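Report on the structure
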Amino acid sequence: MSKLADTSITDSISEEEDFPFPVSISTTDFKNFNNDPEAIDQFLYKSHRFTSLAVLIQELKELSSSLNQNLLDIVNHDYTDFIKLGKSINGGDDMINSISEDLKQFKIQLLQYDGKFNQMNDEVSTTLTLRRQLIGLKSVAKLQLLLHDQIEIFEKLSKDDINLGNFQKMAATYLSVLSVGKHLENLTTESQTKLQQQYLNAKVNSVIMEFESLVRSLINEIKLKRIKEPSLVMSVLNIQNMIKH
């Protein structure tokens, strides 16, 4: 008897677990649904075979009405946003045209400024070139004046009697004339006229010839022992070595 009672209770529990419960249709049921007719039959049999046809039709109508209302709400909402967007950009074409015109004017101004800057750049370049030429002319003029003064000093010294002090001054002036003359030769010839070059070159050559002639004369005097002053002799010999080199 006990075994029969247990079997009866077990069967009762199994029947309660398999008891059919009607399930309402929801939008989630159609998430992975397709339009295949066989799929429709499988879907109804699997999920709603215990639901009566009248209830199923009623639920489908309610679901359809709900979906239509949701669709209408979405359309109305988007349409309202569209109208708002249209109102917000009202006059946008005028604004774009205004900005475009401003950009055109700005471009014209940029081109004008670019032309002015190029003109200023050319003017500055020309000014710098003229300034360099002016500096060159001033340098040449100063050197020419210095050379002229040194030549005059040499000519005055050459008229005095030869002694140690006079010879040393002549030697220093001679070396100065050589140095300034070479420096002038290294400058651009455009900074000097041909007349200036010829005149100064002639003067420099005259100083060189006169001084070297004087040194040769003094060397002969030393050889003849007519000049015996040791300091003067050493000065003449040193200058002779410098001239040879």
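Keep in mind it's a predicted model, so treat the numbers as computed, not measured. (Residues numbered from 1 in each chain as written. Predicted model: local features only at pLDDT ≥ 70, side-chain atom pairs only at ≥ 80, totals over all residues. Heavy atoms only, no water.)

Here's the deal with the overall build of the chain
Within the chain, the regular secondary structure consists of seven helices and zero strands. Looking at the chain as a whole, 18% of its 245 residues are labelled buried. Sequence-distant contacts, at least 24 apart, represent 72% of the contacts inside the chain between residues at least 6 apart. When the accessible surface of the chain is split by element, carbon and sulfur atoms take 57% of a total near 19,500 Å². (Helix = DSSP H or I, 4+ residues; strand = E, 2+ residues; numbered from the N terminus. Buried < 20%, exposed > 50% of the residue type's maximum accessible area, 1.4 Å probe, protein only. Contact = heavy atoms within 4.5 Å. Areas by Shrake-Rupley, 256 points an atom, 1.4 Å probe, with all protein chains shown as cover.)

Remarks on the packing of aromatic side chains
Overall, the coordinates contain three aromatic pairs when judged by the stated rule. Judged by centre distance (5.9 Å) and plane angle (20 degrees), the rings of Phe-167 and Phe-211 are stacked. Of the two residues, Phe-167 sits in helix α5 (residues 164–186) while Phe-211 sits in helix α6 (residues 194–223), which places them 44 residues apart along the sequence. Here a set of aromatic residues connected by ring pairs shows up, and it is made of Phe-154, Phe-167, Tyr-174 and Phe-211. (Phe/Tyr/Trp six-rings, centres within 6.5 Å; stacked < 30°, edge-to-face > 60°.)

A closer look at the environment of Glu-185
Here Glu-185 shows up in helix α5. Between the C-alpha atom of Glu-185 and that of Gln-197, which follows or precedes it by 12 residues, the distance is 8.8 Å.

Looking at a nonpolar patch on the surface
A contiguous nonpolar patch, built from Met-95, Ile-99 and Leu-103 and spanning about 330 Å² of accessible area, is present on the exposed surface. Tracing the sequence through the fold places Ile-99 in helix α4 (residues 92–158). (Patch = residues over 30% accessible without salt bridge, like charges linked within 9 Å, V, L, I, M, F, W, Y side chains within 5 Å. Salt bridge = Lys/Arg side-chain N within 4 Å of Asp/Glu carboxyl O.)

Some details on the pattern of salt bridges
Any two side chains of opposite charge can pair if their charged atoms end up close together. Per the counting criterion, the structure on display carries two salt bridges. Note that Glu-155 is salt-bridged to Lys-203, the shortest N-O span being 3.4 Å. Pair noted here: Glu-155 is in helix α4 and Lys-203 is in helix α6, with a separation of 48 residues, a long-range link. You can call Glu-155 partly exposed: its relative accessible area is 31%. The partly exposed category is assigned to Lys-203, whose relative accessible area is 25%. Here Glu-221 and Arg-226 are joined by a salt bridge, their closest N and O atoms 3.5 Å apart.

Some words on the confidence of the model for the chain
Here the chain averages 78 in pLDDT, while 77% of its residues score no lower than 70. Between residues 1–17, whose pLDDT stays under 50, and residues either more than four places distant or in other chains, the model counts zero contacts. (pLDDT = per-residue confidence, 0-100.)

A short note on the environment of Met-170
By the secondary structure assignment, Met-170 is in helix α5. Linking Met-170 and Glu-155, residues 15 residues apart in sequence, is a C-alpha distance of 9.0 Å. Apart from residues no more than four positions distant in its own chain, Met-170 is found in contact with Phe-154, Leu-157, Ser-158, Ile-162, Phe-211 and Leu-214.

Some details on α5
Along its 23 residues, α5 runs 33 Å from first to last C-alpha, staying within 8% of the 33 Å computed at 1.5 Å per residue. By the burial criterion, the buried members of α5 are Leu-164, Asn-166, Phe-167, Met-170, Ala-171, Thr-173, Tyr-174, Val-177, Val-180, Gly-181 and Leu-184. A distance of 3.2 Å separates the backbone nitrogen of Gly-165 from a side-chain oxygen at the start of α5, and that oxygen is part of Asn-163. (Expected span 1.5 Å × (residues − 1). Polar contact = N/O pair within 3.5 Å; in protein donor to acceptor, adjacent residues only side chain to side chain.)

Quick word on the nonpolar core
Core analysis: the biggest nonpolar cluster contains 29 residues, and Leu-147, Phe-167, Leu-184, Phe-211, Val-215 and Val-236 have the highest contact counts within it. Every element with two or more residues in this core is listed here: α4, α5, α6 and α7 (230–244). It is α6 that provides the largest number of residues to this core, a total of 10 residues. Dropping the residues within four chain positions of it, Leu-147 is found in contact with Val-177, Val-180, Gly-181, Leu-184, Leu-200 and Val-204. (Core = buried A, V, L, I, M, F, W, Y, C linked by side-chain atoms within 4.5 Å.)

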